[in-house]
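# Inside the fold
These are the residues of each chain, in order.
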Amino acid sequence: MALLKVKFSQKKRVKLAQGLWLMNWFSVFAGILVFSMGLYLKIELRKRSEVMDNSESHFVPNSLILMGILTCAFNGFAGKICYDSLDPAKFVKWKPLLKPYLALCFLFNILIFFVALICFLMRGSLESTLAQGLKNSMKFYRDTDTPGRCFMKKTIDMLQIEFKCCGNNGFKDWFEIQWISNRYLDFSSKEVKDRIKSNVDGRYLVDGVPFSCCNPSSPRPCIQYQVTNNSAHYSYDYQTEELNLWRRGCREALLYYYSSMMSSMGAVVLLVWLFEMSVMAGLRLLHTSLESIANPEDPECESEGWILENSLKDSLKSALESLKKIGKFNQVEADAEGAEGEEGTKTPAITTVS
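If you're wondering where the values come from, they're calculated on a predicted model, not measured in any experiment.

### A word on the overall build of the protein
Summing up its helical and strand segments, the protein has 9 helices and 2 strands in all. Traced from its N-terminal end to its C-terminal end, the protein shows the element sequence β-α-α-α-α-α-α-α-α-β-α. Counting over 354 residues, the protein shows a buried share of 40%. Sequence-distant contacts, at least 24 apart, represent 73% of the contacts inside the protein between residues at least 6 apart. Total accessible area computed for the protein in this model is approximately 21200 Å², and 61% of it derives from carbon and sulfur atoms.

### So, the environment of Arg203
Within the element layout of this structure, Arg203 appears in the loop between helix H7 (190-197) and helix H8 (250-291). Setting aside its immediate chain neighbours within four residues, Arg203 contacts Glu176, Ile177, Gln178, Arg195 and Ile196. At 3.2 Å, the side chain of Arg203 and the backbone oxygen of Glu176 are in polar contact.

### Description of the side chain of Arg48
Relative to the elements of secondary structure, Arg48 occurs in the loop between helix H1 (10-47) and helix H2 (59-84). With relative accessibility at 8%, the residue Arg48 sits in the buried group. Not counting chain neighbours up to four residues away, the residues in contact with Arg48 comprise Leu159, Glu162, Phe163, Leu254, Tyr257 and Tyr258.

### Digging into the confidence of the model for the protein
Summary statistics for the protein give a mean pLDDT of 81 and a share of 81% for residues scoring 70 or more. Mean pLDDT per element in the protein: helix H9 (residues 312-345) is the minimum at 58, and helix H6 (residues 152-163) is the maximum at 93. Residue range residues 349-354 is modelled with pLDDT below 50. Its contacts to residues more than four positions away, or to other chains, number 0 contacts.

### Digging into the packing of aromatic side chains
Per the counting criterion, the structure on display carries 11 aromatic pairs. Pairing Tyr141 with Trp179 gives two aromatic rings, centres 6.2 Å apart and planes at 70°, and the pair type is edge-to-face. You can see Tyr141 sitting in the loop between helix H5 (123-139) and H6 and its partner Trp179 sitting in the loop between H6 and H7, a full 38 residues away along the chain. One exposure class covers both Tyr141 and Trp179, and it is buried. Aromatic side chains Trp179 and Tyr225 sit 6.2 Å apart centroid to centroid with 20° between the ring planes, which places their arrangement in the stacked category. With Trp179 in the loop between H6 and H7 and Tyr225 in the loop between H7 and H8, the pair connects residues that are 46 residues apart, well separated along the chain. Residue Trp179 is classed as buried on the basis of its relative accessible area, which comes to 8%. These aromatic residues form a ring-pair network of at least three members: Phe74, Phe77, Tyr101 and Phe108.

### Brief notes about the side chain of Gln178
Along the chain, Gln178 turns up in the loop between H6 and H7. For Gln178, the side chain forms a polar contact with the main-chain oxygen of Ile180, separated by 3.0 Å. For Gln178, the contacting residues outside a window of four places in its chain are Arg142, Leu185, Arg203, Tyr204 and Leu205.

### Focus: the state of the cysteines
As used in these notes, a disulfide is a covalent bond between sulfur atoms, one from each of two cysteines. Summed over the entire model, instances satisfying the criterion amount to 3 disulfides. Looking at the protein, its bonded cysteines, counted consecutively from the start of the sequence, adopt the pairing 1-6, 2-3, 4-5.

### Quick notes on the UniProt feature "transmembrane region" (unreviewed entry) in the protein
Those residues carrying the UniProt feature "transmembrane region" (unreviewed entry) are residues 20-41, 62-81, 101-122 and 255-275 in this numbering. Helix makes up 100% of residues 20-41 and strand 0%, and the two end C-alpha atoms of the span are 31 Å apart. In this annotation, residues 62-81 is assigned 100% helix and 0% strand; the end-to-end C-alpha distance for the span is 29 Å.

### Some thoughts on the environment of Phe113
Note that Phe113 resides in helix H4 (residues 95-121). Residues Phe113 and Val269, spaced 156 residues apart in sequence, show a C-alpha to C-alpha distance of 7.7 Å. Setting aside chain neighbours within four positions, we find Phe113 in contact with Leu270 and Trp273.

### Re the nonpolar core
Formed by 80 residues in total, the largest nonpolar core has its most connected members in Leu41, Leu64, Phe171 and Trp174. Listed by contribution, the elements that provide at least two residues to this core are H1, H2, H4, H5, H6, H7 and H8. Ranked by the residues each element gives to this core, the list is headed by H8, at 16 residues. In this structure Phe171 touches Cys166, Val209, Val227, Tyr238, Leu243, Leu245, Trp246 and Arg247, once residues within four positions along its chain are discounted.

### With respect to the environment of Cys214
Note that Cys214 resides in the loop between H7 and H8. Given a relative accessible area of 16%, Cys214 falls into the buried group. Separated by 54 residues in the primary sequence, Cys214 and Gln160 have C-alpha atoms spaced 9.1 Å apart.

### Here's the deal with unusual backbone geometry
Despite not being glycine, Lys164 shows a phi value in the positive range, around 50°. Within the element layout of this structure, Lys164 appears in the loop between H6 and H7. Relative accessible area serves as the criterion here: at 48%, Lys164 is assigned to the partly exposed category.

About the cut-offs
- Residues numbered from 1 in each chain as written.
- Predicted model: local features only at pLDDT ≥ 70, side-chain atom pairs only at ≥ 80, totals over all residues.
- Heavy atoms only, no water.
- Helix = DSSP H or I, 4+ residues; strand = E, 2+ residues; numbered from the N terminus.
- Buried < 20%, exposed > 50% of the residue type's maximum accessible area, 1.4 Å probe, protein only.
- Contact = heavy atoms within 4.5 Å.
- Areas by Shrake-Rupley, 256 points an atom, 1.4 Å probe, with all protein chains shown as cover.
- Polar contact = N/O pair within 3.5 Å; in protein donor to acceptor, adjacent residues only side chain to side chain.
- pLDDT = per-residue confidence, 0-100.
- Phe/Tyr/Trp six-rings, centres within 6.5 Å; stacked < 30°, edge-to-face > 60°.
- Disulfide = S-S within 2.5 Å.
- UniProt positions renumbered as here; feature names shortened; annotations may be inferred.
- Core = buried A, V, L, I, M, F, W, Y, C linked by side-chain atoms within 4.5 Å.

Below, the structure is given as structure tokens:
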């Protein structure tokens, strides 16, 4: 028994073809939207590529861009088929291509669903990329005189100001690295010498943070140096005082920003996938309803259309049998080639006559 079997008159077939033509052009606009989202996400990731460890995070925008292009191409082609199906004479040339095209549409819809899932599942990979990238870029904060790294201070400062964050996981990350350039240190000072000597790696470490970590909304002037020294500031307790520094780390801030963006894009792609599935189902109904016309010379006669020629269970069973046949055919070919190889290696027996 066919799945979703529907009877069609000529009027219904025309309405279906017209509706599908319109839906396909809506899908083309949806493809442009998906392409634009991928391009926007790629630009946003490029803006902060200096604080990312590798280019793995660009898999999502590249996939969205590709899906957008393919959506426009597939639906533009389908729109042409639907338009030509209004004229039986024009539809004849598309008949041999419809089955392979529908198979490609099915694979394409699987890819769209996969891309939608990736948008939701990339959080873990993005988190590790940001964590390592921020850690490395913070080490170069002081290298304002080093070619290729002189921009890093500005990048980190602008990042912390824009996203209202400080450090990688928090402001304490700045205590573990030398973020002040040697150029601005007085090496004749006893305090500087003592701090450098007290560190195994000879770094100048302080319990302070860059100015960009300061929260301008705080009523108290920013305490960015000697943050953990209670006696250095009036009416100040490091343990209980509400510090006027950004509490949130930049990894968390960027992760939330990009994850929210990708989740929204994933939801849009999921809606596009549902729309594409309905278009594919409609195209299949149109295809079968036109093929099952009993008298091609009488286009006004009724016909039947269906999604699957047999039930879902029977269709799956026949698909599995086809795959098994292909597997057996390949196995027979391999066995035959092996037998030919063995025969070729046999050496003929030589008899000597005395």
